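Next come the chains, spelled out residue by residue.
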Amino acid sequence: MLEDLFSLEGKVALITGGSRGIGQAIAVAFAEAGADLVVCSRDRHPPELENTAEQLRSMGRKVLAVPAHVGIKEDVANLVRKALDAFGRIDILVNNAGGNTSLSTLVDLEEKTFDKVMEINLKGTFLVSQVVAAEMIKQGGGRIINISSVSGLRARNDGTGAYCISKAALNMMTQVMARELAPHHILVNAIAPGSIRTALSRVNWADPERLARRVREIEMKRFGEPEEVAGIALYLASKAGSFVTGEIIRVDGGEMI
Ligand SMILES: NC(=O)c1ccc[n+]([C@@H]2O[C@H](COP(=O)([O-])OP(=O)(O)OC[C@H]3O[C@@H](n4cnc5c(N)ncnc54)[C@H](OP(=O)(O)O)[C@@H]3O)[C@@H](O)[C@H]2O)c1
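Residues numbered from 1 in each chain as written. Predicted model: local features only at pLDDT ≥ 70, side-chain atom pairs only at ≥ 80, totals over all residues. Heavy atoms only, no water.

Draft legend 1. Just the layout of surface pockets, in detail. Approximately 1,100 Å³ is the volume attributed to the largest pocket. In terms of lining residues, the largest pocket is bounded by 45 residues, among which Gly 98, Gly 99, Asn 100, Tyr 163 and Leu 200 are the most central. Among the secondary structure elements, those contributing two or more residues to the lining of the largest pocket are α2 (21–32), α6 (161–181), α7 (202–205) and α8 (208–216). Sort the elements by how many residues they give to the lining of the largest pocket and α2 lands first, with three residues. Looking at the lining of the largest pocket residue by residue, the classes come out as 14 nonpolar, 21 polar and ten charged. (1 Å grid on protein atoms, 1.4 Å probe; cavity = no way out; pocket = protein on both sides within 12 Å on 5 of 7 lines; lining within 4 Å. Points joined across faces, edges and corners; volume = space filled by probe spheres on them. Helix = DSSP H or I, 4+ residues; strand = E, 2+ residues; numbered from the N terminus. Nonpolar A, V, L, I, M, F, W, Y, C, P; charged D, E, K, R; others polar.)

As structure tokens, this is what we get:
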């Protein structure tokens, strides 16, 4: 009964930015729950993407790894076409690819940097969701999970303004899509992680002084691990989350209380 609640047996999941960090942890959790997987990244650090795919295959799952930039429409079309050629359907989409490319106040932020941050975090999620949701409508349902951030819930004054704006807009995209897609039995939710120990957040945990400053704001007094985000994604992807849509779930050790 409990296993059934969280099982992804027979499901196909597409995870963007699945080669490392939070996306990789979600891919491993989904593989453990029985899903077959498509993982993508820009493949900036070969053989990271292929190594992750091999790790997932060694767990007995069918896995396709596709290099793709989520902000480039042709890459997205190729990614989804390859996923459908290989598996015939996509039941779960995790829009995890994202990041920040600069530290600057908004007044000093260059236009091209603003565009880049929006491209990765916002437009990429929009492009992938649009194509995959169209397939899910044909299939009769699905789940979309956006990896947002607590930075989209409270303004920061540390040079990550464009990132904050992109994640706040992503939260609204989640809720608009949840409303638009509910009649098609597609549930759309977001996870808002706080400080999670990955390559992306290295700047905040590798330096002891910055780490101490950041941890002061977290009630649990530590960074989270990528695996601690994966369980929430599994909940939202499985039968356990079957009446949840338009939700933004914080996973932040109490940072935003
Ligand atoms: N770590 C945190 O503290 C934290 C907190 C809140 C929210 N988040 C969010 O969690 C998500 C994952 O972050 P993370 O910390 O796991 O970062 P990470 O360790 O840097 O991993 C990012 C993943 O996304 C891929 N990626 C980046 N840009 C891409 C693009 N344009 N197209 C396709 N793939 C792309 C990366 O591979 P390539 O570089 O090879 O493309 C990698 O697989 C992001 O959306 C981030 O904003 C993280």
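That shown, we press on.
Draft legend 2. Representation of the pattern of salt bridges within the structure. Applying the stated criterion to the full structure yields 15 salt bridges. With a closest N to O distance of 3.0 Å, Lys 239 and Asp 4 form a salt bridge. Linking Lys 239 in the loop between α9 (227–237) and β7 (248–251) with Asp 4 in helix α1 (residues 2–6), this pair joins segments that are 235 residues apart in sequence. Residue class for Lys 239 comes out partly exposed when judged on its relative accessible area of 49%. Asp 4 gets classed as partly exposed once you look at its relative accessible area, which sits at 39%. Between Arg 61 and Asp 36 there is a salt bridge, with the nearest N and O atoms lying 3.6 Å from each other. Of this pair, Arg 61 sits in the loop between α3 (48–57) and β3 (63–67) while Asp 36 sits in strand β2 (residues 36–41), and the two are 25 residues apart along the sequence. Under the relative-accessibility criterion, Asp 36 is labelled buried at 14%. Each of Glu 9, Asp 36 and Arg 61 takes part in a single network of salt bridges with overlapping partners. (Salt bridge = Lys/Arg side-chain N within 4 Å of Asp/Glu carboxyl O. Buried < 20%, exposed > 50% of the residue type's maximum accessible area, 1.4 Å probe, protein only.)

Draft legend 3. Region of interest: the side chain of Thr 198. Relative to the assigned elements, Thr 198 resides in the loop between β6 (186–193) and α7. On the basis of relative accessibility, which here comes to 12%, the residue Thr 198 falls in the buried class. Residues contacting Thr 198, with those up to four places away along its chain left out, are Gly 21, Ile 22, Trp 205 and Pro 226. (Contact = heavy atoms within 4.5 Å.)

Draft legend 4. Geometry of the site of the ligand. Taken together, the neighbourhood of the ligand is formed by 29 residues, with Ser 19, Arg 42, Asn 96, Tyr 163 and Thr 198 sitting nearest. Within the backbone of Gly 17, an N or O atom sits 3.3 Å from an oxygen atom of the ligand. In this structure, an oxygen atom belonging to the ligand sits 2.8 Å away from a main-chain N or O atom of Asn 96. Considering the ligand on its own, with 890 Å² of exposed area, one finds that the protein chains cover 97% of that surface. Spatially, the ligand is embedded in the largest pocket. Of all the secondary-structure elements, those providing two or more residues to the shell around the ligand are α2 and α6. (Near = heavy atom within 4 Å. Polar contact = N/O pair within 3.5 Å; in protein donor to acceptor, adjacent residues only side chain to side chain. Areas by Shrake-Rupley, 256 points an atom, 1.4 Å probe, with all protein chains shown as cover. Sits in = over half its atoms within 2 Å of the grid points.)

Any link to function would need more than the numbers given here.
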